[in-house]
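Listed below are the residues making up each chain.
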Amino acid sequence: MREPQTLYDKLWNSHVVAELPGGDVLLYIDRHLVHEVSSPQAFAALREGGRAMRRPRAHLAVADHAVPTGTRGGVIADPLARAQVAELEQNVADFGVPYLALDGEDQGIVHVVGPEQGYTLPASTLVCGDSHTSTHGAFGALAFGIGSGESGTVMATQCLKQRRSKTLRVELVGLPGPHVSAKDIALAFIHQVGALGARGYAVEYTGPAVEAMSMAGRLTLCNMTIEAGGRVGLVAPDDVTFAYLQGRRLAPKGEDWDRAVAYWRTLRSDPGAAYDRVVTLDVAALSPHVSWGTSPDEAAPVTGHVPDPAPYRGKRPASCRKGFAYMACVPACPSPKSPSNACSSGPAPTAVSRICARRRLSPRAGGGPRACAPSWSQDRPRPRSRRKPKGWTLSSWPPASNGAMPAVPCVWR
Amino acid sequence: MMQPFTRVHGTAAPLPEENVDTDIIYPARFLLITARDGLGAYAFHDRRFQADGAEVGDFVLNREPWRNATVLVAGANFGSGSSREHAVWCLLGRGIRCVIAPSFGEIFQSNCFRNGVLPITLPATQVEALSRAAGEGRTFDVDLEAETVTVDGLAPVAFTVPAERKLALLNGWDETATLLNTQADAIAAFEGRHHATQPWLFIDHP
Ligand code: SF4
């Protein structure tokens with residue numbers, strides 16, 4: 001009888017092209033999202049080597065990192081950014097790569113357009129020159145971030161040399177209470193295992209809380225996996241996944257759709273499959289989390305305390321103090337008892353209480369500002385008619401009266 | 001295309017700080033540059049320069065004898081964070097060919113191997129000893145063939161590198177070229193099988 005397999009095992013095994021000496025394997029890559037920042041050197045390497053792209057139309061390009069978040073269609077003010085986007089447009093034209101135009105309706109953040117277009121599919125392998133590529137694992141795709149050189153290899157060979165990861169199952173126990181979102185679960189998980197806790201592991205999220213979660217929530221969980229040090233986040237595809245995908249532009253149609261869904265249903269980890277590590281997290285007992293520092297594991301429940309730097313989890317006090325200073329946070333400050341009295345409690349206007357104030361004003365934002373993730377705040381059934389999804393909802397925050405809080409830019413990952 | 005790595009001899013700069021991420025190595029705003037060469041000027045830019053462009057005097061790469069270091073002895077989780085390969089290109093641009101640390105960001109480490117920079121992982125205590133020696137300005141000799149780091153006045157330290165990676169570094173093999181030369185048939189055969197199981201993945205030839 002066949003050994004029970006995890007979702008990760010199934011995805012991995014079905015993409016092994018060859019075993020290489022030294023324990024690496026050659027892994028087939030179905031999907032490659034291309035953006036302007038990490039691709040120019042990959043295209044340059046193709047040209048230098050006189051190489052063709054193996055399957056140019058299997059890739060999907062979009063400019064999203066160096067583009068203005070507000071207006072579209074005009075001239076990009078920054079000359080370097082303008083040149084970078086122009087270079088992408090030239091490259092996709094030269095090599096015949098499908099491109100979502102900057103002023104088109106479908107343009108958006110690379111990890112949002114993949115799902116929106118039905119480009120991200122269960123049982124596929126997907127890579128992108130961006131560490132948040134783990135996001136796409138929400139669909140049961142084996143997705144991970146790569147460097148520009150690897151992008152060039154994928155373009156030329158549709159393959160990558162990879163080493164198998166260990167597997168970590170995060171078992172979410174119970175169902176979250178009101179105001180506890182996927183971002184809170186992610187922050188609690190990272191806080192529990194540390195910012196390097198999932199390093200070397202492919203992380204699979206399981207349990208009733210995941211099953212009950214919308215695609216937005218699942219994308220958030222998988223997006224944040226890299227913040228725990230894990231390159232791959234996974235959720236087994238189910239009816240929620242299929243309902244999201246059906247009818248999307250690049251999703252299978254007709255008979256293919258039925259065959260695909262039947263295949264996708266077999267991906268779920270087999271009962272009794274062995275993981276290298278299992279972490280359980282009682283989500284029923286979770287409170288909303290807020291960040292007080294600059295590392296993703298520096299978060300606390302609103303019912304808890306901002307720690308005193310000295311004894312904080314073996315971290316150097318200096319690194320904690322750096323976070324406090326950046327967040328204008330007071331060491332050992334008790335955070336508010338509940339989000340509803342956030343603004344009025346606490347000895348000083350700490351970052352925590354300000355974050356809570358924001359959460360109360362805008363609970364759909366679903367998380368602290370430091371963890372930079374697109375706001376898949378709601379599942380929108382057909383997003384085609386809207387403009388670029390905004391990855392960031394901080395424009396009107398913090399309140400203008402508070403000069404102490406520095407602006408928090410979106411850090412390119 | 002890749003510069004082979006056989007042996008590197010020179011001073012080593014100690015940077016005993018944990019979690020030096022790729023944004024510290026290569027600040028995000030320079031990602032708008034689309035070239036691979038000439039990025040050395042931006043390596044550790046915001047550590048090396050003040051806002052007004054003046055050098056930060058006490059940053060190790062601004063001081064002698066480490067200004068032209070060829071080796072970096074770093075802290076745990078060096079090169080974590082973003083996948084940007086610029087972090088490796090800018091080190092190369094400064095002449096840094098080898099980084100020794102207790103652990104590395106995964107993508108950064110693989111980017112190093114692909115660009116002729118040798119990432120050496122050693123236990124923290126050994127890295128600390130090497131870091132002290134680097135701080136004393138001693139000369140390092142990194143020999144990939146023998147897999148040893150030899151520092152003046154210290155016993156040689158052995159390290160290991162995956163055999164495949166070692167071969168590629170020693171010969172300056174480019175990974176894409178190697179795969180195209182050795183795996184073309186395997187890739188084509190796999191594609192045939194894969195198309196039969198999941199035809200819907202082949203949006204380019206329906
Ligand atoms: S918003 Fe965050 S997740 Fe999205 S692209 Fe920027 S860094 Fe990546």
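None of these values were measured; they are calculated from a predicted model. Residue indices begin from 1 for each chain and proceed along its sequence in written order. Think of it this way: whatever chain is written first is A, whatever ligand is written first is 1, and the rest follow in order. Only residues with pLDDT of at least 70 get local features here, since the model is predicted, and only at 80 or more are side-chain atom pairs given and counted; chain-wide, interface and lining totals rely on the full set of residues. Note: side-chain values were computed over all heavy atoms of the structure, leaving out hydrogens and water.

K.L.:
Go over the overall build of chain B, please, and point to the residues and values.
P.N.:
When helices and strands are counted, chain B shows seven helices and seven strands. Only runs of H or I of at least four residues qualify as helices and only runs of E of at least two qualify as strands under DSSP, and these elements are numbered from the N terminus. In chain B, the succession of α and β elements from N to C terminus is β-α-α-β-α-β-α-β-α-β-β-β-α-α. Taken along its principal axes, the extent of the C-alpha atoms in chain B is 60 × 45 × 25 Å. Evaluated residue by residue, chain B yields a buried proportion of 56% over its 206 residues. Here, residues are in contact when the closest pair of their heavy atoms is within 4.5 Å. Expressed as a percentage of contacts within chain B between residues at least 6 apart in sequence, the contacts between residues at least 24 apart total 64%. Using a 1.4 Å probe, accessible areas were evaluated by the Shrake-Rupley method; residue-level cover was limited to the displayed protein chains. A total accessible area of about 8,300 Å² is found for chain B, and carbon and sulfur atoms account for 52% of it. Each charge class in chain B was averaged separately, 16 positive and 25 negative side chains, and the resulting centres sit 3 Å apart. Only protein chains enter the accessibility calculation, which uses a 1.4 Å probe; a residue is then buried when its area is under 20% of its type maximum, exposed when over 50%, and partly exposed in between. His is not counted here, nor are the chain ends, while Lys and Arg score as positive and Asp and Glu score as negative. The atoms used to mark charge sites are NZ of Lys, CZ of Arg, CG of Asp and CD of Glu.

K.L.:
Summarise the overall build of chain A; cite the residues concerned and give the values.
P.N.:
Regarding its fold elements, chain A presents 12 helices and 14 strands. Relative to its 413 residues, chain A shows a buried fraction of 60%. Summarising the internal contacts of chain A: among those between residues at least 6 apart in sequence, 73% fall at separations of at least 24. With the model as given, the accessible surface of chain A reaches about 15,400 Å², and the carbon-plus-sulfur share is 56%.

K.L.:
Lay out the interface of chain A and chain B in plain terms, naming residues and giving numbers.
P.N.:
At the interface, 65 residues of chain A touch 53 residues of chain B. Buried surface at the junction of chain A and chain B, summed over both partners, amounts to about 5,000 Å²; 56% is from carbon and sulfur atoms. Put simply, a salt bridge is a Lys or Arg side-chain nitrogen that is within 4 Å of an Asp or Glu carboxyl oxygen. Summed over the shared surface of chain A and chain B, the number is five salt bridges. Asp204 of chain B is the partner of Arg55 of chain A in a salt bridge, and the nearest nitrogen-oxygen pair spans 2.8 Å. Identification of polar contacts relies on pairs of N or O atoms within 3.5 Å, with a donor-acceptor requirement for protein atoms, meaning one able to donate a hydrogen and the other able to accept it, and with residues adjacent in sequence counted only if both atoms are side-chain atoms. In this structure, the connection of chain A to chain B is made through 22 residue pairs in polar contact (both at pLDDT 80 or more). The biggest single contributor to the side of chain A that touches chain B is helix H5 (residues 148-157) of chain A, with seven residues. Tallied by class, the residues present in the side of chain A that touches chain B amount to 29 nonpolar, 18 polar and 18 charged. Here the quantity called buried area is the accessible surface, traced with a 1.4 Å probe, that two parts lose on coming together, added over both. Gly is put with the polar residues, along with every residue not named as nonpolar or charged; the nonpolar set is Ala, Val, Leu, Ile, Met, Phe, Trp, Tyr, Cys and Pro, and the charged set is Asp, Glu, Lys and Arg.

K.L.:
Let's hear about helix H10 (residues 254-264) of chain A: which residues, and what values?
P.N.:
Residue and element names in this part refer to chain A. Where H10 is concerned, the buried positions are Trp257, Ala260, Val261 and Trp264. Angular distribution of buried residues about the axis of H10 spans 95°; they occupy a single face of the element. Every exposed residue of H10 that faces more than 90 degrees away from the buried side is listed here: Glu255 and Asp258. Its buried side turned inward, H10 meets helix H9 (239-245). The directions considered for the arc are those from the helix axis to the C-beta atoms.

K.L.:
Go over the packing of aromatic side chains with me, naming the residues and quoting the values.
P.N.:
Geometry of aromatic contacts follows a simple scheme: Phe, Tyr and Trp rings, the Trp one being its six-membered ring, pair when their centres are within 6.5 Å, and the pair is stacked under 30 degrees between planes, edge-to-face over 60, tilted otherwise. According to the stated counting rule, one finds 15 aromatic pairs over all chains in the structure shown. For the ring pair Phe189 of chain A and Tyr205 of chain A, a centre distance of 6.0 Å and an interplane angle of 80° mean the geometry is edge-to-face. Here Phe189 of chain A, found in helix H6 (residues 182-193), pairs with Tyr205 of chain A, found in strand E10 (residues 201-206); they are 16 residues apart in sequence, far enough to count as distant. On the accessibility criterion, Tyr205 of chain A (4% relative accessible area) is buried. Aromatic pair Phe78 of chain B and Phe108 of chain B: ring centres 5.4 Å apart, planes at 80°, arrangement edge-to-face. In this pair, Phe78 of chain B is assigned in the loop between strand E2 (71-74) and helix H3 (86-93) and Phe108 of chain B in helix H4 (residues 106-114), connecting sequence segments 30 residues apart. The residues Phe78 of chain B and Phe108 of chain B share a single accessibility class, namely buried. Taken together, the ring pairs connect Phe242, Trp257, Tyr263 and Trp264 of chain A together with Trp200 of chain B into an aromatic cluster. Comment: the charge-over-ring label is applied if NZ (Lys) or CZ (Arg) is within 6 Å of the ring centre and within 35 degrees of the ring normal. Above the plane of the ring of Tyr119 of chain A lies Arg31 of chain A, whose end atom (NZ or CZ) is 4.9 Å from the centre. It is Arg277 of chain A that lies over the ring of Tyr201 of chain A; its NZ or CZ is 5.8 Å from the centre.

K.L.:
Give me the lowdown on the sheet that holds strand E8 (residues 159-162) of chain A, citing residues and values where you can.
P.N.:
All names here are of chain A. One bridge is not enough; two strands pair if DSSP finds at least two bridges between them. Taken in spatial order, the three strands of this open sheet run E1-E2-E8, and their pairing is antiparallel. The open sheet has two edge strands, strand E1 (16-19) and E8, and neither has a second partner. On average, each strand axis in the sheet is tilted by 25° relative to the strand beside it, whichever way the strands run. With four bridges joining them, strand E2 (residues 25-28) and E8 adopt antiparallel strand pairing. Residue Leu26 lies in a different strand from E8, and its bridge partner there is Lys161. Fitting a line to C-alpha atoms yields each axis, with helices limited to the stretch in contact; the angle taken between N-to-C directions then spans 0 to 180 degrees.

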